[in-house]
Amino acid sequence: MAWLRRSEVVIAGILLLAMIGIGLVNPAFWQLDNLFSLLRSNVIIGIMALGVLMIMISGGIDVSFPAFAVAAMYLTVKGMLWTGYDGVALPFLTAATMGALFGCLNAFFVYKFRMIPLIVTLGTGSMVRGFLLGVVGTSMININKMPDVLIDFAKTEVISMTKADGTTYGLTAMVLVYFGLAILVHLILRYTMIGRGIYALGGDQEAASRAGFDLRKVIFFIYCFAGALAGFAGLLHSGMIWLANPRDFVGLELDVIAAVVLGGASIFGGRGTVLGTMLGVFMLVMVKNSLIIMKIDTTWQRVVVGVIIVIATAVTAWRDQKRKARGDRT
Amino acid sequence: MTDAFIELRGIRKEFAGVCALDDMSLTIRAGEIHCLAGENGSGKSTIIKVMSGVYQPDAGEIRIQGKAVHHLTPIASIDRGIQVIYQDFSLFGNLTVAENLAMNTQLRQKRRLMNWGRVRAIARDAVDRIGVDLDLDAEVGNLPTAGKQLVAIARALMSDARLIIMDEPTTALTRREVETLFRIVKDIQSRGIAVLFVSHKIREMMEISERITVMRNGSLVADGPVSDFDEASLIRHMTGLELNSKPYVWVPGDRAAEAPRLEVSGLGLSDAFEDVDLTIRAGEIVGLSGLLGSGRTELVLSLFGMIPADRGVIRVDGKEVTPRSTQQAIAAGIAYVPEDRLSEGLFLTQGIDRNILCTSYESLASGLTIDQGRADTLVDDTIKAMQIATPSGAKLVKELSGGNQQRVVLGRWLLTDARVLILNGPTVGVDVGSKAEIHHKIRDLAVEHGLAVLMISDDVLELVQNCNRIVLMHRGRLTEGLDCATTSEEAVSEKLKAFT
Amino acid sequence: MINKLDFRAILNRDKNIVQLIVMTVLIFVIMTALSPDKFLRYYNFESITYIFPELGLLSIAMMIAMLTGGIDLSVVGIANLSGILAGILFKKLADETGVADTGLAVVLLGGVVALGTGLVAGALNGLLITKVKITPILATLGTGQVFTGLAIVLTGGPAIVGFPEHWSWVGNGKLLGLATPFVLFVLIAIAVSFILVRTPLGVNLMLIGTNPKAALFAGLKRERMVFYSYMMTGVLASIAGIMLSGRTNAAKSDYGTSYLLQAVLIAVLGGTNPAGGKGRVLGVAIAVIALMLLSSGFQILRFSNHLIDFIWGAFLLLVIAINAYKNRVR
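Residues numbered from 1 in each chain as written. Chains lettered and ligands numbered in written order. Predicted model: local features only at pLDDT ≥ 70, side-chain atom pairs only at ≥ 80, totals over all residues. Heavy atoms only, no water.

## Remarks on the overall build of chain A
Counting its secondary structure elements, chain A contains 13 helices and 2 strands. Seen along its three principal axes, the alpha-carbon backbone of chain A occupies a region of about 65 × 50 × 35 Å. Taken over 330 residues, chain A has a buried fraction of 57%. Considering only residue pairs separated by 6 or more positions, chain A has 76% of its internal contacts joining residues 24 or more positions apart. (Helix = DSSP H or I, 4+ residues; strand = E, 2+ residues; numbered from the N terminus. Buried < 20%, exposed > 50% of the residue type's maximum accessible area, 1.4 Å probe, protein only. Contact = heavy atoms within 4.5 Å.)

Below you can see the structure in the form of structure tokens.
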């Protein structure tokens, strides 16, 4: 029965209850097009959450990735327009690389100066965003100018259906990209030594270094990887909404961190899984998007997200305390 | 000396002009249990780090299995079979036993991927080698200290070790766990692996080791088979001082008629202890001992209000008190000196003044503000009364020696009108030299201030020498009271053993 | 002997302050050299004395949260919510003559509402941190969302414009020939400084931040003290909110969002240890003045606000690097 106590199972249970609850308020929730659009909304937050998950397992935190994502996205789209390039693979590679380079900056300060990641990433995030808006520009690139390849790529669907009234809807293929990345991160965390090094670092930094982990490698890996994921997600986002807005993603870090915490990761490091994070992301996105379905005014969104963060962290704090109490008594 | 596994000769090591090791020599024979004795700061940990390749000596010679080694790196040291078990074990509490055991092998083989089947096989093999039962899937953070130590030992044995260095391995263990540890150490030895025990606990050294090397101020002062030493000579070598300890005798005087300082009757807490009756009079020093899990820690924490008792009565000077928080306990005249001075007792980066006054600030406040003049006077008085060596109260506590630090913690309670003083392991991690001074101070406090002292310790000798009475605890009940004048360390140890 | 040691200790203790003063003078000299005719104008300094107090108070609030090793990410949310609640009150109570002429009694009532908002919000943070035992980062991240969210719900999005004249006086009036907010800032800074050094609350906070475990064993009222510290933080944030709404004659849910990063930066720059146990009002006050001079200098040089964000971020990282370097030398 040990699996019953796994946090993923608990989260999945709560998620199911919430879905049933929302479905009772408005059965439209269960319609396939609603579920498909929910999944679609998971993609961007989900990909970013994978990066934040790795950082949180290592005992850090990152609030700079939205700035990295928007900078990588905007610069890449500008570059595509400027060069007239019309491929898909290279731009995504470029955006991811840019994100990784920004991530290096975080890693450098966290590793070299052993400064609290929150403060480092507050600084780098503000720098990157300030640079983008102050030097590169503030004007949006809208659908008339957006490279068609990006939009077409993001339009790809795995399932397409037609409703009775003739309108079509479908499940975006970007979900597969998200799932693919999730599996990749899961494999890294579970089956590679660098992945185990992330858990080791989050468990006990001193012991990790004594055991022979190259902490510099691990720290650079996680912050760069998280940056790359953010850059990738940023560009994907612009393709999905047909718009490259240099002021995008403001405040997104709160949603993503909330989702990761909701997914059972510990802010003190050492604990967290990909599956849990994906469930956390789904929960957050579902609640946010279902406000309309439940006929609640959308201005309440921030309040709801805040309340969810508080409740989720309260539950986690309670769980950690119980674990600690058990450890003390033995 | 052909059977020497490692020989260090004339080792010298300086740090920024300060000499940590000077002409230090140490020889460990293959397959022996050797003890390295010395006080804190005598250079024990520096010599360990020389052997593990962390530090390069400035001068001297290292020979391993007869061959001179010129530049010993950490990797080279491990390759030659030297393994160090640090005091904190260097384990990952968030990972399973299996992964903790296999981690080093994985890293040494420069593997990039995790094969969980292999990890389990490696771990199973390691656990079988020390012949103990460990749940491979348990999270290490949930294991008790002794369990963590077993994992650390199993890990050290995996790498074809020839010498295992244990840095203060018994610090956090109860007597019973120490015995298990010693059995395993003997077992390790029987496989031809040498063990270096680094310690300052004299009795344990005498019990386990075959040969002892004593160091002081970074130099060798004595070495030889254990039969060459006795307790007194070891202390003399370690401290350079002659110590004589007379047992504590309580003179009731005219206090016998007064109500007892502390009177506990029928105290109980579910799953921890029950029916505890205990009376301590002014000037008495009562020892409390028992195995880990006997409920002794819970009992004193209940008296101090941290985990309030469910039932029973606590009286201080005849007045009933029910401490439900540390503040209430302090207000009732109960004081507690925690076991881990550095992490639980002191504010290291603050001055002596704030460390002494910390419990008294609210009573020092007239209205909202602190009466600074009175605060300064109190600090000066306490420094004088506790004989803390410092030019002023502004000096940071982290700059004081261990003995002086403990005086600061004790001195704190002089200001709170404490009448019952509970000491948990008052000399854990304190040098032999400072130990005697702290014992002396505790006796003074009991006699001069008329305190009732309850002293908890795993060091039975410490209790026999410093208390007038000892009570033993087993399975949540006080089982026996012994008069120190008529009992001996051996007798108490025997009784404790009977509990296992 | 004793005197000499004391003297050195005092010098040591104030080394940080001396460094901050040197830094301020340097910034002053450099900015003067770059644009002597504009930077040295009386008007420039006067406008700084109107703008910096709100940020200064938020920074002091941040410092107080950091004293016990915490952080308060909800200060800006509290400030805005306070201003908005007061603004709504004035709108409701205004008679035909309009909001601007609201009587002193109502304005005072508004002040009570604003300060009460800060007190309650701070108490909520304190409760979540001490009783529910949520990590300060996550607790205030969540409540920050809730406060900002409530501000959105209350206003529906747009700003509340138009505050009574008496209210505006707090933000842009004059007292004794000086800017009112400046005078208030100095008074409040002195009061907070006094609380931190000369009352049991302040000393207890320092001790708790130095070693929370030892504080427990020494019988300090840890939970209550930390609770009070977040209430103080909340009240200071609401005063900043009063100044902000008074100065701009408006209140909005997303005003001053960049203040959050800046408050963290100033607290750290001012010598506060984010891990707890160390922090001084004087250090924070000098740091805020130094950075305001820097900001206004760049504004005179016609740098955009975005670029100034960039510079703030870069400055934070620079401070981290310098501090790390100094520690290594020592």
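## What about a nonpolar patch on the surface?
Side chains of Leu16, Leu17, Ile20, Leu24 and Trp30 of chain A sit close together on the surface and give an oily, nonpolar patch of about 570 Å² of accessible area. Along the chain, Trp30 of chain A falls in the loop between helix H1 (7–25) and helix H2 (32–57). (Patch = residues over 30% accessible without salt bridge, like charges linked within 9 Å, V, L, I, M, F, W, Y side chains within 5 Å. Areas by Shrake-Rupley, 256 points an atom, 1.4 Å probe, with all protein chains shown as cover. Salt bridge = Lys/Arg side-chain N within 4 Å of Asp/Glu carboxyl O.)

## A word on the packing of aromatic side chains
To describe a pair of aromatic rings, one takes the distance between the centres and the angle between the planes. As enumerated under the stated definition, the model contains 25 aromatic pairs over all chains in all. Ring centres of Tyr178 of chain A and Phe179 of chain A lie 5.6 Å apart, and the angle between their planes is 40 degrees; on these two criteria the pair is classed as tilted. You can call Tyr178 of chain A buried: its relative accessible area is 3%. Accessibility expressed as a relative area gives 34% for Phe179 of chain A, which makes it partly exposed. Ring geometry for Phe39 of chain C against Phe45 of chain C: centres 5.7 Å apart, planes inclined by 80 degrees, an arrangement best described as edge-to-face. Residue Phe39 of chain C is classed as buried on the basis of its relative accessible area of 0%. When its relative accessible area of 25% is taken as the criterion, Phe45 of chain C is described as partly exposed. Here a set of aromatic residues connected by ring pairs shows up, and it is made of Phe304, Tyr336 and Trp413 of chain B together with Phe217 of chain C. (Phe/Tyr/Trp six-rings, centres within 6.5 Å; stacked < 30°, edge-to-face > 60°.)

## Things to note about the sheet that holds strand S10 (residues 219–225) of chain B
Residues and elements named next belong to chain B. Here 6 strands make up an open sheet; going across it, the order is S6-S7-S8-S3-S9-S10 and the pairing mixed. The two strands at the open ends of the sheet, each matched to only one other strand, are strand S6 (82–85) and S10. Ignoring strand direction, the axes of neighbouring strands in this sheet form an average angle of 20 degrees. Note that strand S7 (residues 163–167) and strand S8 (residues 194–199) share 5 bridges and pair parallel. Across the sheet, the residue bridging to Met166 is Phe197, located in S8. Docked against the sheet, helix H1 (residues 44–51) engages strand S3 (33–37), S6, S7, S8 and strand S9 (211–216), running at close to 150 degrees with respect to S8. Along the sheet, helix H6 (residues 175–190) makes contact with S3, S7 and S8, crossing S8 at roughly 145 degrees. (Pairing = 2+ DSSP bridges. Axes fitted to C-alpha atoms, helices over the stretch in contact; angles between N-to-C directions.)

## Considering the interface of chain C and chain A
Taken residue by residue, the interface counts 38 residues in chain C and 39 residues in chain A. Carbon and sulfur atoms make up 82% of the surface buried where chain C meets chain A, a total of about 3400 Å² over both sides. Summed over the three residues of chain C that lose the most area to chain A, namely Gln145, His306 and Leu317 of chain C, the buried surface amounts to 20% of that side. Where chain C touches chain A, the interface holds 0 salt bridges. Our enumeration of links across chain C and chain A arrives at 2 residue pairs in polar contact (both at pLDDT 80 or more). When residues of the side of chain C that touches chain A are traced back to their parent elements, those giving at least two are helix H7 (136–155), helix H13 (259–269) and helix H15 (305–329) of chain C. Looking at side-chain class alone, the side of chain C that touches chain A contains 25 nonpolar, 10 polar and 3 charged residues. (Buried area = accessible area lost by both parts, 1.4 Å probe. Polar contact = N/O pair within 3.5 Å; in protein donor to acceptor, adjacent residues only side chain to side chain. Nonpolar A, V, L, I, M, F, W, Y, C, P; charged D, E, K, R; others polar.)

## So, the environment of Ser245 of chain C
All names here are of chain C. Relative to the assigned elements, Ser245 resides in helix H12 (residues 222–248). For the pair Ser245 and Asn172, spaced 73 residues apart in the sequence, the C-alpha separation amounts to 10.0 Å. If sequence neighbours within four positions are ignored, Ser245 has contacts with Gly83, Phe163, Trp167, Ala250 and Ala251. At a separation of 3.1 Å, a polar atom in the side chain of Ser245 contacts the main-chain carbonyl oxygen of Ile242.

## Observations regarding the pattern of salt bridges
On inspection of all chains with the given rule, the structure shows 27 salt bridges over all chains. A salt bridge links Asp310 of chain B to Arg311 of chain B; the nearest nitrogen and oxygen atoms lie 3.5 Å apart. Exposure remark for Arg311 of chain B: the relative accessible area of 39% places this residue in the partly exposed category. Put simply, Glu46 of chain C and Lys174 of chain C hold a salt bridge, and the shortest N to O gap is 2.6 Å. Here Glu46 of chain C is found in helix H4 (residues 42–67), whereas its partner Lys174 of chain C is found in strand S2 (residues 174–175), with 128 residues between them in sequence.

## Here we look at the interface of chain B and chain A
On the chain A side, the residues contacting the 24 residues of chain B number 23 residues. Of the roughly 2000 Å² buried between chain B and chain A, counting both surfaces, carbon and sulfur atoms make up 54%. On inspection of chain B and its partner chain A, the count reaches 2 salt bridges. Two residues, Glu99 of chain B and Arg196 of chain A, come together in a salt bridge whose shortest N-O distance is 2.4 Å. At the surface where chain B touches chain A, the tally comes to 7 residue pairs in polar contact (both at pLDDT 80 or more). For the side of chain B that touches chain A, the element with the most residues is helix H3 (residues 97–108) of chain B, which contributes 5 residues. Residue composition of the side of chain B that touches chain A, grouped by class: 11 nonpolar, 6 polar and 7 charged.

## With respect to the side chain of His34 of chain B
All names here are of chain B. Tracing the sequence through the fold places His34 in strand S3. Under the relative-accessibility criterion, His34 is labelled buried at 0%. At a separation of 2.6 Å, a polar atom in the side chain of His34 contacts the side chain of Thr213. Beyond its immediate stretch of four places on either side in the chain, His34 contacts Leu26, Thr27, Ile28, Val195, Leu196, Phe197, Ser209, Arg211, Ile212 and Thr213.

## Thoughts on the confidence of the model for chain C
Residue and element names in this part refer to chain C. Per-residue pLDDT for chain C has a mean of 86; in total, 94% of the residues score no lower than 70. Within chain C, the lowest mean pLDDT, 51, falls on helix H1 (residues 2–13), and the highest, 94, falls on H12. Taken as a whole, residues 1–5 scores under 50 in pLDDT and shows 2 contacts with residues more than four places along the chain or in a different chain. For this predicted complex, the interface confidence reaches an ipTM of 0.81, while the overall pTM sits at 0.83. (pLDDT = per-residue confidence, 0-100.)

## Quick word on the pairing of S9 of chain B
Residue and element names in this part refer to chain B. Of all 6 residues that make up S9, 5 are buried, and the element is covered over most of its length. In terms of strand pairing, S3 meets S9 through 4 bridges, oriented parallel. Note that in S9 the partner of Leu36 across the bridge is Thr213. Relative to S10, S9 runs antiparallel, the two sharing 6 bridges. In the sheet register, Ile212 faces S10, and the bridge partner there is Gly224. Two successive antiparallel strands, S9 and S10, enclose a turn made up of 2 residues, where Asn217 displays a positive phi of approximately 50 degrees.

## Considering the packing of helix H6 (residues 104–130) of chain C against H7 of chain C
Residues and elements named next belong to chain C. Interhelical geometry of H6 versus H7 gives an angle of 145 degrees and a closest axis separation of 9 Å. The crossing of H6 and H7 is right-handed. Packed against H6, whose contacting residues are Ala121, Leu124, Asn125, Leu128 and Ile129, the element H7 presents Pro136, Ala139, Thr140, Thr143 and Phe147 at the interface. Partitioned by chemical class, the residues of the contact of H6 with H7 number 7 nonpolar, 3 polar and no charged. (Left-handed = near helix turned anticlockwise from the far one by under 90°.)

## Quick notes on helix H4 (residues 116–130) of chain B
Over its 15 residues, H4 of chain B extends 22 Å from the first C-alpha to the last, a length consistent with the 21 Å expected when each residue adds 1.5 Å. Those residues of H4 of chain B that fall on the buried side of the exposure criterion are Trp116, Val119, Ile122, Ala123, Ala126, Val127 and Ile130 of chain B. The buried residues of H4 of chain B all sit within an arc of 130 degrees when viewed along its axis, so they share a single face. Those residues of H4 of chain B hidden inside the fold are in contact with helix H7 (174–191) and helix H8 (193–203) of chain A together with H3 and helix H5 (145–157) of chain B. With a side-chain oxygen lying 3.0 Å from the backbone nitrogen of Gly117 of chain B, the N-terminal cap of H4 of chain B falls on Asn115 of chain B. Just past H4 of chain B, the residue Gly131 of chain B takes up positive phi, approximately 60 degrees. (Expected span 1.5 Å × (residues − 1). Arc of directions from axis to C-beta.)

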